[in-house]
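Below are the chains, spelled out letter by letter.
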Amino acid sequence: MAEERSGSILAADFGNVTTRAILIDLVDGVYKLVARGECRTTAGFPVGDVSVGLKRVAEQISAVTGRKLLHDDGLIITPERPDRSGVDHFVATASTGRSLRTVLIGLVPDVSLASGIRAAAGTYIDIVEVISLDDDRNEEEQLNAILSGRPDLVFITGGIEDGAQEPVMAMARVVRMAVTLLKGGKKPTILYAGNSALVPPIQGLFDGLATVLIAPNIRPSLDEEELEGAQLQLALAYDERQSRQGSGFEVLGELSRYGVLPTAQSYNLVVDYLGKTHSGNILAVDIGSAVGTLSAYVDGKTTTVIRTDIGVGHSAQSLLDGVGDEAVRRWLPFVDAPNQIRHYTLNKLLRPGTIPETLKGLYIEHGLVRTGIGALLSVSRPMWTAKADNVVIGDLPPFSLIIGAGSALTKTGHPGFNALLLLDTLQPTGVTTLQADPYGLIAALGALARVNPGAVVQVLDSGSLERLGVCFALDGQPANNRTAMKVKITTDDGEVVKHEVAGGHLWVYPLGIGRAATVEVRASGRGTSIGGKGRVKVTIEGGAAGLIFDGRGRPVPLAADARGRAAQMPLWISEITGDSLIPIPDDWLLGAAEEGDIEEPAAVSVTPSRRGGRRGPKTEKPVIKPKRGGLFGRGKGKGAAGGDDDVPDPDFDDGKPAEEGFQSELDELRG
């Protein structure tokens, strides 16, 4: 398709809870994000029509821009009129509604079936049955498997170009027999993406029986894989089913050139673009109400995983069933009552659009977010690279950019908290830029790419994604409460700031958006590094959360018991947000003795021990005992930090007593 170099675009994304829309237009010859709006999705009761939500967000944009976008009947004005009312293009994406139940047919599991699974990863598809030449079931059993799967779609692959034909046709005939036996309701759509020589026979086989979609062969040779054509046809199949569901999607599909596309395909496209235009690996993660999506560009390859059982609203209960109570409890700084986590998820299932009303509810909500990301990682990680030494269990490959999307990761109320959720779960090492997508921009740009690829490039390059900041994170295990990182920051206005970050802690320098600084960081603890280096020096831009220095080490030393987490987690939140520390009340820890056979103290210490547990009963502010020569071991001799961290460095040390500075910070946090 020829690229269209002009024209305004209205892009809408319909989630299970929120409908978002953005207006993109030319500003001084460059496409930029002009305005945005959002409201609750109106697909369900009592409205039952997504176009009502679209009308509301369009009216919000009109109120901001003074630009009329709607006809009197509520439909989008298109194309744009001479008086600047309306838009030239309208594109729509959606993640709401049920996934496509799909039966996947292929010849070889490691070839055509593997490519079929990767093609399906960009659409909301639930693969309910897989049939291949390796299937040891007889034809009757395969037929029953297709019938019991009640598919919306049968995806047939197999055969390289000029390759196998009869095995593919044999399996296609089994599918035809199953389709003829299906009684009542609509017949499944057939998507064929195999040996192109079989296109006419496949079309003839299902003629008059079912809708047949044809895509280029996803595996033209053993060494080639072409997924884009199949992914587009899968998107059209998704749009066709959405239109059959009613709820106003049939109207939206007619307004948009490509119908209503699946939101997740946008992540694959945008992350792939970012990976090819930026240095380093890229990762984007979205935890929504019903769907979790993780897309990663690693070593030149983009993979996207969609899980319709990972979410913090509609899918909260299925997430908990999948990961188990203990996985969520691992992130709670209190002793939960019996079935408390399960009751919370059931309430979210009933009212998915609600937000936590209590501090305990907030911790449970974020526990679900963290475990949801962890579940996505466990599925995604094996797909990133064929080189086993690049993926270590418990570690990530280095990522230069991480993007968080979805309300759970972008609307915590503080950019630092948004960043903390990403850091706790993804645990990147080295130097990583953190961004957020609070406006659903990625979803819109993926659909826009099919209309105007140039606009996508210009919008991304204009910095429309929210910049949270840059994180400098240690790998290895630094000694707790001893110097882990020595930092020197030279700002763009010449100010020089030196700081020492203690092991087990976070420190934030408030360098805002649009400001730059040269940052030098030295890893001081024995066995630690910053992305494999002892020192790094970079010139970078700040962000809404500032520059984040994560001295906790990797993996993050989260305490195994509730009392230890009560010491750690509120402190980390306070350190990264700058808000006052909110200690965990004593009565929230009742029952902690049963967990770890620990005696109940009079008050909770905010200082975690090296192992992440409590140091013992305390009623006063923590007193950190410095090693000889100061808190961070400025004297000679061996310590937990060890090595050259005890030797003063003129580039980083400014002669100030570190013990006093760190103790005063803790005192200030405790109020």
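Residues numbered from 1 in each chain as written. Predicted model: local features only at pLDDT ≥ 70, side-chain atom pairs only at ≥ 80, totals over all residues. Heavy atoms only, no water.

## A look at the overall build of the chain
Stage number 1. Scanning the chain from N- to C-terminus turns up 19 helices and 22 strands.
Stage number 2. Burial status across the chain gives 58% buried among its 671 residues.
Stage number 3. Considering only contacts within the chain whose residues lie at least 6 apart along the sequence, 68% involve residues at least 24 apart.
Stage number 4. Total accessible area on the chain is roughly 27,000 Å²; 51% of this is exposed by carbon and sulfur atoms. (Helix = DSSP H or I, 4+ residues; strand = E, 2+ residues; numbered from the N terminus. Buried < 20%, exposed > 50% of the residue type's maximum accessible area, 1.4 Å probe, protein only. Contact = heavy atoms within 4.5 Å. Areas by Shrake-Rupley, 256 points an atom, 1.4 Å probe, with all protein chains shown as cover.)

## Some points on helix α16 (residues 453–461)
Stage number 1. Turning to α16, its buried residues are Gly 454, Ala 455, Val 456, Gln 458, Val 459 and Leu 460.
Stage number 2. For α16, the secondary structure elements touched by its buried residues are β1 (9–14), β2 (18–27), β3 (30–40), α8 (263–277) and α15 (441–448).
Stage number 3. Note on α16: the residue one or two positions beyond its end, Gly 463, has a positive phi of about 75°.

## Thoughts on the pattern of salt bridges
Where charged atoms from two side chains of opposite charge come close, those side chains can pair.
Stage number 1. The final tally for this structure, using the stated rule, is 23 salt bridges.
Stage number 2. Salt-bridge contacts for Arg 84 lead to Glu 80; the nearest nitrogen and oxygen are separated by 2.7 Å.
Stage number 3. We note a salt bridge from Asp 424 to Arg 552, for which the minimum N-O separation is 2.7 Å. Highlighted residues: Asp 424 in helix α14 (residues 415–426) and Arg 552 in the loop between β22 (546–550) and α17 (562–577), separated in sequence by 128 residues. One exposure class covers both Asp 424 and Arg 552, and it is buried.
Stage number 4. When salt bridges that share partners are traced, they join Arg 370, Asp 424, Asp 550, Arg 552 and Arg 554 into one network. (Salt bridge = Lys/Arg side-chain N within 4 Å of Asp/Glu carboxyl O.)

## Describing helix α9 (residues 316–323)
Think of an α-helix as 3.6 residues a turn; residues three or four steps apart then line up on the same face.
Stage number 1. Along α9, the residues that are buried comprise Ala 316, Gln 317, Leu 319 and Leu 320. Seen along its axis, α9 keeps its buried residues to an arc of 160°; they face one direction. Of the exposed residues in α9, the ones pointing more than 90 degrees away from its buried face are Asp 321 and Gly 322.
Stage number 2. Gly 324 sits one or two residues past α9 and shows a positive phi near 90°. (Arc of directions from axis to C-beta.)

## Description of the sheet that holds strand β21 (residues 535–541)
Stage number 1. The strand order β18-β17-β20-β21 describes an open sheet built from four strands, whose pairing is antiparallel. Each of the sheet's edge strands pairs with one partner strand only, and the pair in question is β18 (496–502) and β21. Strand after strand, the sheet turns through a mean of 20° between neighbouring axes, direction not considered.
Stage number 2. As paired strands, strand β17 (residues 483–491) and strand β20 (residues 516–523) are joined by seven bridges and run antiparallel to one another. By the bridge assignment, Lys 486 is partnered in β20 with Arg 522. (Pairing = 2+ DSSP bridges. Axes fitted to C-alpha atoms, helices over the stretch in contact; angles between N-to-C directions.)

## Topic: the side chain of Asp 135
Stage number 1. Here Asp 135 lies in the loop between β6 (125–131) and α3 (139–149).
Stage number 2. Accessibility expressed as a relative area gives 18% for Asp 135, which makes it buried.
Stage number 3. A polar contact is formed between the side chain of Asp 135 and the side chain of Arg 137, at a distance of 2.6 Å. (Polar contact = N/O pair within 3.5 Å; in protein donor to acceptor, adjacent residues only side chain to side chain.)

Nothing here speaks to function; it is geometry throughout.
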